[in-house]
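Inside the fold
The chain contents come next:
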Amino acid sequence: MPPGRRLVRPLRLVRLVRLVRPLTLALLLCPLPTGCGAAPADTTDPTVRRAVADWAAAPPARLAGIPLQGWSYEVTSVRRDGARAFARAALHYRLAGYDAAPADARREVELVRAGADGWRVAADRPAPGAPPQLWDQGAVTAVRGAHALVLGVGQGERTLSGIAAEADRAVPAVSAAWPRPWAGRVVVLVPSTLDAMAALLGRPADAYRGMGAVTTGRVGAGPAPADRVVVNPEGYAGLSEAGRGVVLTHETTHVATRAATSAKTPLWLSEGFADWAAYRAGDRGPAEAAPELARAVRRGELPGALPADADFAFGGDPEASARSYEGAWLACRLIAARWGDAALVRLYEEAGRAPLPTALEKTLGVDEAELTRAWREALREQLG
């Protein structure tokens with residue numbers, strides 16, 4: 001495998017803006033079971049709701065190692081079936097010291113009769129169609145770093161401590177690249193397998209095969225309540241030490257820039273900026289860190305335009321996807337080299353608020369055609 005391939009290609013993973021938005025919309029458009037295929041609600045029996053509230057007064061004892069606060073179940077519907085009842089609920093909680101606002105999960109609580117007028121909770125699980133929480137997959141081990149909280153299932157403490165150490169190094173590196181206010185901390189989830197990772201994200205495992213990690217969370221202004229870096233234990237284990245650092249710095253950059261990222265932000269800028277932050281302190285040159293694009297340029301296949309959003313889609317040609325990420329990184333690298341790091345940061349901010357042509361003119365004083373010409377010339381010089 002050529003130098004850099006093992007390090008770089010697992011970074012073709014995030015697409016977090018487009019990956020997360022459909023998941024977020026699913027929660028926003030269908031937060032309650034009613035109207036989303038659930039059975040008709042029985043709202044006449046307050047005893048079921050009271051039983052759920054009493055049971056959910058505190059997190060389960062088995063989650064004592066996780067720094068949870070604000071734990072509550074908001075019952076949204078109840079279905080009675082003889083001696084059993086099924087309550088659909090929205091679970092709200094925070095990870096103390098990490099979440100700016102409550103995280104949410106859709107749950108189904110099963111209850112059984114306990115005496116003539118009472119109910120007892122028998123089971124708690126994800127609502128039909130909702131992804132599980134990490135603790136649904138097994139006992140959770142928590143490891144704290146200086147800037148990171150790592151939660152793992154089926155992983156040894158040594159493995160989780162190593163990830164925490166990498167995340168601790170990533171946070172200050174990201175703060176140096178993104179000198180804007182952000183939480184300065186990161187939560188990393190480490191499931192037991194690729195299949196378990198895919199279940200947490202509600203997508204097929206093949207979507208993440210060969211990847212090192214992904215990032216989840218809402219985009220846009222306002223609190224980002226539940227940004228999580230989710231590690232693919234199989235892909236991450238295959239990375240070099242340097243590659244692991246790059247992956248976690250890339251992902252943490254997405255956490256830091258969340259509030260400045262919107263539907264207007266082109267993916268070449270969000271993904272390129274994350275790679276720029278991850279590589280800026282290293283000594284890898286363009287040809288080494290962008291092997292797929294370098295091979296294409298040497299074949300005479302110089303790209304004619306900056307990568308389009310569709311070029312980052314899952315399931316496409318992996319070499320083409322790699323070229324898109326590499327080209328995005330080199331575009332951001334060029335902007336930082338020619339106009340300065342601060343200008344690249346301002347461009348990122350402006351591109352989240354205004355159309356790209358407006359953002360380019362305001363921050364760099366060029367249009368997209370001028371930037372593209374400069375980028376193509378840089379590709380010729382650095383990769384040809």
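Residues numbered from 1 in each chain as written. Predicted model: local features only at pLDDT ≥ 70, side-chain atom pairs only at ≥ 80, totals over all residues. Heavy atoms only, no water.

Between two aromatic rings, the relevant description is the distance of the centres plus the angle of the planes. Taken as a whole and judged by the stated rule, the model has eleven aromatic pairs. Pairing F312 with Y325 gives two aromatic rings, centres 4.9 Å apart and planes at 85°, and the pair type is edge-to-face. With F312 in the loop between α10 (291-298) and α11 (318-339) and Y325 in helix α11, this pair connects stretches of sequence that are 13 residues apart. Given the relative accessible area of 1%, Y325 is considered buried. Linked through ring pairs, W55, W71, Y73, Y93 and W135 together constitute an aromatic cluster. Across from the ring centre of W339, 5.8 Å away, lies the NZ or CZ of R338, which sits over that ring. (Phe/Tyr/Trp six-rings, centres within 6.5 Å; stacked < 30°, edge-to-face > 60°. Helix = DSSP H or I, 4+ residues; strand = E, 2+ residues; numbered from the N terminus. Buried < 20%, exposed > 50% of the residue type's maximum accessible area, 1.4 Å probe, protein only. Lys NZ or Arg CZ within 6 Å of the ring centre and 35° of its normal.)

Glancing now at the sheet that holds strand β2 (residues 84-95). Read across the open sheet, the four strands follow the order β1-β2-β3-β4; overall the sheet is antiparallel. Bordering the open sheet on either side are β1 (68-81) and β4 (119-126), each of which pairs with just one other strand. Across the sheet, the axes of successive neighbouring strands diverge by a mean angle of 30°, strand direction being ignored. For β1 and β2, the ladder comprises eleven bridges, and the chain directions are antiparallel. When the bridges of β2 are listed, R79 appears paired with F86. Contacts between helix α3 (residues 46-55) and the sheet are confined to β1, β2, β3 (103-113) and β4, with β1 contributing the most and set at about 155° to the helix. (Pairing = 2+ DSSP bridges. Axes fitted to C-alpha atoms, helices over the stretch in contact; angles between N-to-C directions. Contact = heavy atoms within 4.5 Å.)

The next subject is the environment of E381. Relative to the assigned elements, E381 resides in helix α14 (residues 368-383). The sequence separation of E381 and V297 amounts to 84 residues, and the corresponding C-alpha distance is 10.0 Å.

For α14, with 16 residues, the first-to-last C-alpha span of 22 Å sits near the 22 Å given by 1.5 Å per residue. Considered for burial, the residues of α14 that qualify are L371, T372, A374, W375, A378, L379 and L383. Seen along its axis, α14 keeps its buried residues to an arc of 165°; they face one direction. In α14, those exposed residues whose orientation departs by more than 90 degrees from the buried face are R373 and E381. At the N-terminal end of α14, a side-chain oxygen is found 3.3 Å from the backbone nitrogen of A369, two or three residues along, and the residue is D367. (Expected span 1.5 Å × (residues − 1). Arc of directions from axis to C-beta. Polar contact = N/O pair within 3.5 Å; in protein donor to acceptor, adjacent residues only side chain to side chain.)

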